[in-house]
Amino acid sequence: MFNIWRLLFLLLLVPPAFAQEDAPYFVTYDHHLEEPGNLELEMNTTTGVPRKGQRAYVAPFAELQYGVNRWWTSELYLEGQSTAGDSTLFTGWRLESRFRPLAAEYPINPVLYLEYENVNEASRIQKEIVGKAPLGFEPNSELRQTHAHELEAKLILSSDVRHWNIAENFIVERNLSESEGFEFGYAFATSRRLTQSVSPRPCHFCRENLVAGLEFYGGLGSTQSFGLQQTAHYAAPVLAWALTDKSTLSFSPAVGLTRHSNPVLLRAGYSYEIRGFRNKLRRFFGSH
Amino acid sequence: MNYRPLSITILAFASLACLGIAQTAKPPADKWEAPADAAAKPNPEAKNPDAAAVGRKLYMRTCVGCHEEDGSGKDTGAANLRSPEVQAQSDGALFWKVSNGNTAAGMPSFASLPETDRWDVVTFLRTLKDANGTGAEGSGQGKKDSPQGPKSKGR
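Residues numbered from 1 in each chain as written. Chains lettered and ligands numbered in written order. Predicted model: local features only at pLDDT ≥ 70, side-chain atom pairs only at ≥ 80, totals over all residues.

## Quick word on the confidence of the model for chain A
Residues and elements named next belong to chain A.
- Counting all residues, the mean pLDDT for chain A is 89, and 91% of those residues have values of 70 or more.
- Highest mean pLDDT in chain A belongs to strand β4 (residues 88-99) (97); lowest belongs to helix α1 (residues 4-13) (43).
- Residue range residues 1-5 is modelled with pLDDT below 50. Its contacts to residues more than four positions away, or to other chains, number 0 contacts.
- Scored below 50 in pLDDT, residues 7-20 makes 32 contacts in the model with residues more than four places away or belonging to other chains. (pLDDT = per-residue confidence, 0-100. Helix = DSSP H or I, 4+ residues; strand = E, 2+ residues; numbered from the N terminus. Contact = placed C-beta atoms within 7 Å.)

Next comes the structure, spelled out in structure tokens:
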């Protein structure tokens, strides 16, 4: 059997290569942080195609990602949800920070991720899949009554190997509002630009502006019941198109691999980077 | 309740945090100069008419986040690539800096980019001009030698 230690050992043997740019993933994080002082605005949606007897939903969320310094990126999420035949509501917010302890590029680059979530049970963005509890499909008016204060940590390992990015996330989450134990999850992904050759002519819809990849993510149960039983897992091709040097469109149809997953999750996103945001803000307010 | 996965997680995080503290405690390199032999290397892409255009695309993909579109770095605090200090350096010296980086000061290494691409980026850097109109043509190209070594020829 091909085990994870053998894979990590092989990664250590391969010299790091290319990338520096953001990978196109929706769930998995790689080791590339936001540049210091830059702000990235993102609008994303997760659309859930339901099983029989369930209702479809669209869960939009906004992300504001800010590069505090070269080893720390912080991000605020604001999320909502709209269920067919039910209602539209604000489902909460999340605040996360990512810390990259090693500045230089290594064959495997670790990043620490810490997040606080203040969401209710109607949350549907499915930014990460942990534990084994399936989504509740009660009416939104009931789901919104249950609030969750959660702490989440991830160990992000990411490598740029010969034009490919390979990223592994190991997730542990603790609901501070209920005694569910510690819940676990994972996300693995790989991606690469469709072509490495660069044309001297300007182009928009061309292979050099497209990055494609594949994500796998899912839950691993909890300390109360560790394992794959009753867990949700997804396989998700991802495609990102760099519209300009500041903006990117991304799309990912995730296919549920178990009967506790949604059959399909359609994810779409648009991101725009404001460079030098910190200094622009300082100038706007008249200080240095 | 099984706390073993949690203990491993905490241990892993603590180890990485220690590494991070050690990393940030490292003083930044205050003298960053290319070795003389690297600075003397001629730019093989200097006569390629497409090099600057390709270099611009690569710059917009990998460098613009810090150095900004005009190379000034005025809003991000990164090095001003249009400044006489930068433009006075030889192509070989700039190539060496792009290739090796200076991570202690925030500049990553781009050694993983193909060598031709790195030379193309250097060729593009020569097209950046300072606000007063100086830049590649105005500041560095005419001088025989920079502190890092002689200029590349044929440009």
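## Section: the packing of helix α3 (residues 51-62) of chain B against helix α7 (residues 115-125) of chain B
All names here are of chain B.
- Here α3 crosses α7 at 100°, and the two axes come no closer than 7 Å. As judged from the angle between their axes, α3 and α7 are roughly perpendicular. Judged by residue contacts, A51, A52, V54, G55, R56, L58 and Y59 of α3 engage D117, D120, V121, T123 and F124 from α7.
- Among the residues forming the contact of α3 with α7, the class breakdown is 7 nonpolar, 2 polar and 3 charged. (Axes fitted to C-alpha atoms, helices over the stretch in contact; angles between N-to-C directions. Parallel < 35°, antiparallel > 145°, perpendicular 65-115°, else oblique. Nonpolar A, V, L, I, M, F, W, Y, C, P; charged D, E, K, R; others polar.)

## Topic: the pairing of strand β12 (residues 264-274) of chain A
Residue and element names in this part refer to chain A.
- Of the two faces of β12, the one holding L265, R267, G269, S271 and E273 is buried and the one holding V264, L266, A268, Y270, Y272 and I274 is not buried anywhere.
- For strand β1 (residues 39-49) and β12, the ladder comprises 11 bridges, and the chain directions are antiparallel. Looking at the pairing, E42 lines up with S271 of β12.
- For strand β11 (residues 247-256) and β12, the ladder comprises 9 bridges, and the chain directions are antiparallel. Following the sheet pairing, S250 is matched in β12 by G269. (Buried ≥ 20, exposed ≤ 12 C-beta atoms within 10 Å, placed from the backbone. Pairing = 2+ DSSP bridges.)

## Things to note about the packing of helix α6 (residues 91-100) of chain B against α7 of chain B
Residues and elements named next belong to chain B.
- Contact geometry of α6 with α7 gives a least axis separation of 9 Å together with a crossing angle of 125°. In terms of their interaxial angle, α6 and α7 are classed as oblique. Where α6 crosses over α7, the two elements pack in a sense that is right-handed. Contact residues: α6 offers D91, L94, F95, V98 and S99, while α7 offers R118, W119, V121, V122 and L125.
- The class makeup of the residues in the contact of α6 with α7 is 7 nonpolar, 1 polar and 2 charged. (Left-handed = near helix turned anticlockwise from the far one by under 90°.)

## Notes on the sheet that holds strand β9 (residues 210-222) of chain A
Residues and elements named next belong to chain A.
- The 12 strands are arranged β1-β2-β3-β4-β5-β6-β7-β8-β9-β10-β11-β12 in a closed barrel whose pairing can be described as antiparallel. Within this sheet the neighbouring strands show an average axis-to-axis angle of 20°, counted without direction.
- Relative to strand β7 (residues 164-175), strand β6 (residues 147-161) runs antiparallel, the two sharing 12 bridges. In the sheet register, D160 faces β7, and the bridge partner there is N165.

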